[in-house]
Amino acid sequence: YLRRVRKQWYQRRVRGAGDRVHEFALKLKGASYMEIHKAGGGIGFTVDKTRAASEEVLLDLYLQRLKLMLQNGTTLVESKSGYGLDTKTELKMLRVIEKAKSLQPIDISSTFCGAHSVPKGMSESDATHDVIENQIPAVVEAMKNNEISVDSIDVFCEKGVFETESSKQILLTGKEEGMMINFHAEELNYIGGVEMGASIGATAISHLEEISDEGVQQMASSNAIAVILPTTAHILKLKHPPVKKMLEKGVIVALGTDFNPNAYCVSMLTVMNLACIMFRMSMEESLVAATLNAAASVGKSDMHGSIEVGKWGDLVLFDAPRWEHIIYQMNASEIISHVIKKGKVVFSK
């Protein structure tokens, strides 16, 4: 079966662009995320394209996507590197993120994710060493030179990628340099990543489809924010994360689009709809998770995420008889009439 996936993959790869629309067809035929990954697709495909692209091309694509997000009501976004897997390209991505901050209205929280995958030809140990000894020092140096600003560090803590101990080493190295810990854990397999993250003071942990009961308890005790990503669970047909249990145990739950070539969604309105249907969240819970708690997951809730005196005047106006229509309607972006950023109208229909 994997040979069939690989054959289809390479046939498509010759014609492919930066997105991974061809992989969607493979998934519909039954290929799993890791099967495509091992066949040379997934993150590896996007890494090749990102390494080959110029900063100008990446910036143009990035600005197009930010514009779409703005039109869908987003005023604060977390943007990650992670499709370089080497110092040169990771810095290139972070510079693109930095340039975009002054070219459009959305506020951007930048995350370094050099440990998104183990590069071709490297072992997990080699990749861990490269991130800690080469990539993080280069990122820190660029920050000191005011070339970039990075808020958080991320690792794909997963069986067969970066195991728990390697992830811990990378995350702690970033934390020592002033970065918040905000990482992937327990998406495809349970390996104790959540318990590790809670023990080292993670601000946020994302995905969590395979989280244990103990992990839920430790997230509640440590106030680590659970970033739930319905689009990825839906597209990959993953086990649903136990969101209701998290809420009952006092875990702070946030929502995100997980916009990437695997989950091509720019609308938090769609995400709220999926969260209510897939995870049985109430509309009120999903609204708070998509606004205030999402801002808190990137350390920005002091000025973002709610309408309060002293916070930025970021507002989305809807042409609807009740606020619930933003979740009830499957394509609620149609009813957005205005987006206001820091008191100024930045989008209107």
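What counts and what doesn't
- Residues numbered from 1 in each chain as written.
- Predicted model: local features only at pLDDT ≥ 70, side-chain atom pairs only at ≥ 80, totals over all residues.
- Heavy atoms only, no water.
- Helix = DSSP H or I, 4+ residues; strand = E, 2+ residues; numbered from the N terminus.
- Buried < 20%, exposed > 50% of the residue type's maximum accessible area, 1.4 Å probe, protein only.
- Contact = heavy atoms within 4.5 Å.
- Polar contact = N/O pair within 3.5 Å; in protein donor to acceptor, adjacent residues only side chain to side chain.
- Salt bridge = Lys/Arg side-chain N within 4 Å of Asp/Glu carboxyl O.
- Expected span 1.5 Å × (residues − 1).
- pLDDT = per-residue confidence, 0-100.
- Phe/Tyr/Trp six-rings, centres within 6.5 Å; stacked < 30°, edge-to-face > 60°.
- Lys NZ or Arg CZ within 6 Å of the ring centre and 35° of its normal.
- Axes fitted to C-alpha atoms, helices over the stretch in contact; angles between N-to-C directions.
- Left-handed = near helix turned anticlockwise from the far one by under 90°.
- Nonpolar A, V, L, I, M, F, W, Y, C, P; charged D, E, K, R; others polar.
- Lys, Arg positive; Asp, Glu negative; His and termini not counted.

1. Observations regarding the environment of Lys342
Right, on to step 1. Within the secondary structure, Lys342 sits in the loop between strand 9 (336-341) and strand 10 (344-348).
Right, on to step 2. Take Lys342: its relative accessible area is 37%, and that puts it in the partly exposed class.
Right, on to step 3. Remark: the alpha-carbon pair of Lys342 and Asp314, spanning 28 residues in sequence, is separated by 5.3 Å.
Right, on to step 4. In this view, Lys342 contacts Asp107, Trp312, Gly313 and Asp314; residues no more than four positions away in its chain are not counted.
Right, on to step 5. A polar side-chain atom of Lys342 sits 3.4 Å from a polar atom in the side chain of Asp107.

2. Thoughts on unusual backbone geometry
Right, on to step 1. A positive phi angle is found at Leu85, which is not glycine, with a value near 60°.
Right, on to step 2. Mapped onto the fold, Leu85 is located in the loop between strand 1 (76-80) and helix 6 (87-100).
Right, on to step 3. Its relative accessible area of 6% is what places Leu85 among the buried residues.
Right, on to step 4. In this model, His207 sits at a positive phi of 80°, which is unusual for a non-glycine residue.
Right, on to step 5. With respect to the element layout, His207 can be found in strand 5 (residues 204-207).

3. What about the pattern of salt bridges?
Right, on to step 1. Across all of its chains, the model carries 15 salt bridges by this definition.
Right, on to step 2. Here Asp154 and Lys80 are joined by a salt bridge, their closest N and O atoms 2.7 Å apart. Taken together, the residues span a long stretch of sequence, with Asp154 in strand 3 (residues 152-157) and Lys80 in strand 1 at a distance of 74 residues.
Right, on to step 3. By relative accessible area, Asp154 is classed as buried at 0%.
Right, on to step 4. On the basis of relative accessibility, which here comes to 28%, the residue Lys80 falls in the partly exposed class.
Right, on to step 5. A single salt-bridge network, built from bridges that share partners, covers Asp107, Asp314, Lys341 and Lys342.

4. As for helix 6
Right, on to step 1. An ideal rise of 1.5 Å per residue puts 20 Å on 14 residues; helix 6 measures up with 20 Å between its terminal C-alpha atoms.
Right, on to step 2. Thr89, Glu90, Leu91, Lys92, Met93, Leu94, Val96, Ile97 and Ala100 are the residues of helix 6 that are buried.
Right, on to step 3. Those residues of helix 6 hidden inside the fold are in contact with helix 4 (43-52), helix 5 (55-71), strand 1, strand 2 (107-115) and helix 7 (124-144).

5. With respect to the confidence of the model for the protein chain
Right, on to step 1. Residues with a pLDDT of 70 or more make up 95% of the protein chain, whose mean pLDDT is 92.
Right, on to step 2. When the criterion is pLDDT under 50, residues 1-17 qualifies, and its contacts beyond four places in sequence or with other chains add up to 32 contacts.

6. Observations concerning the packing of aromatic side chains
Right, on to step 1. Throughout the structure, instances matching the rule amount to 1 aromatic pair.
Right, on to step 2. Plain terms: the ring middles of Phe259 and Tyr264 are 4.8 Å apart, the flat faces sit at 65° to each other, and that makes the pair edge-to-face.
Right, on to step 3. Residue class for Phe259 comes out partly exposed when judged on its relative accessible area of 23%.
Right, on to step 4. Over the ring of Trp312 we find Lys342, and its NZ or CZ is 4.4 Å from the ring centre.

7. Points about the packing of helix 6 against helix 7
Right, on to step 1. At their nearest, the axes of helix 6 and helix 7 sit 9 Å apart, and the two run at 35° to each other. The crossing of helix 6 and helix 7 is right-handed. In this structure, helix 6 uses Thr87, Glu90, Leu91 and Leu94 to contact helix 7, whose residues at the interface are Asn134, Gln135, Ala138, Val139 and Ala142.
Right, on to step 2. Looking at the contact of helix 6 with helix 7, its residues break down into 5 nonpolar, 3 polar and 1 charged.

8. Observations regarding the environment of Pro119
Right, on to step 1. Tracing the backbone through its elements, the reader meets Pro119 in the loop between strand 2 and helix 7.
Right, on to step 2. For the pair formed by Pro119 and Leu85, sequence separation is 34 residues and the distance between their alpha carbons is 6.3 Å.
Right, on to step 3. The contact partners of Pro119, leaving out residues within four places of it in the chain, are Arg51, Leu85 and Ala127.

9. Details of the environment of Ile136
Right, on to step 1. By the element assignment, Ile136 lies in helix 7.
Right, on to step 2. Taking C-alpha positions, Ile136 is 7.9 Å from Thr173, a pair spaced 37 residues apart along the chain.
Right, on to step 3. Ignoring any residue separated from it by four or fewer positions in sequence, one finds Ile136 in contact with Phe112, Val131, Ile153, Ile170, Thr173, Gly174 and Glu177.

10. Here we look at the side chain of Lys92
Right, on to step 1. You can see Lys92 is positioned in helix 6.
Right, on to step 2. It is Glu55 that comes nearest to the buried, bridge-free Lys92 among opposite-charge side chains, at 7.2 Å.
Right, on to step 3. Engagement of the side chain of Lys92 in a polar contact is seen with the backbone oxygen of Arg51, the distance being 3.2 Å.
Right, on to step 4. With residues near it in sequence (within four places) discarded, Lys92 still touches Thr50, Arg51, Ala53, Glu55 and Leu58.

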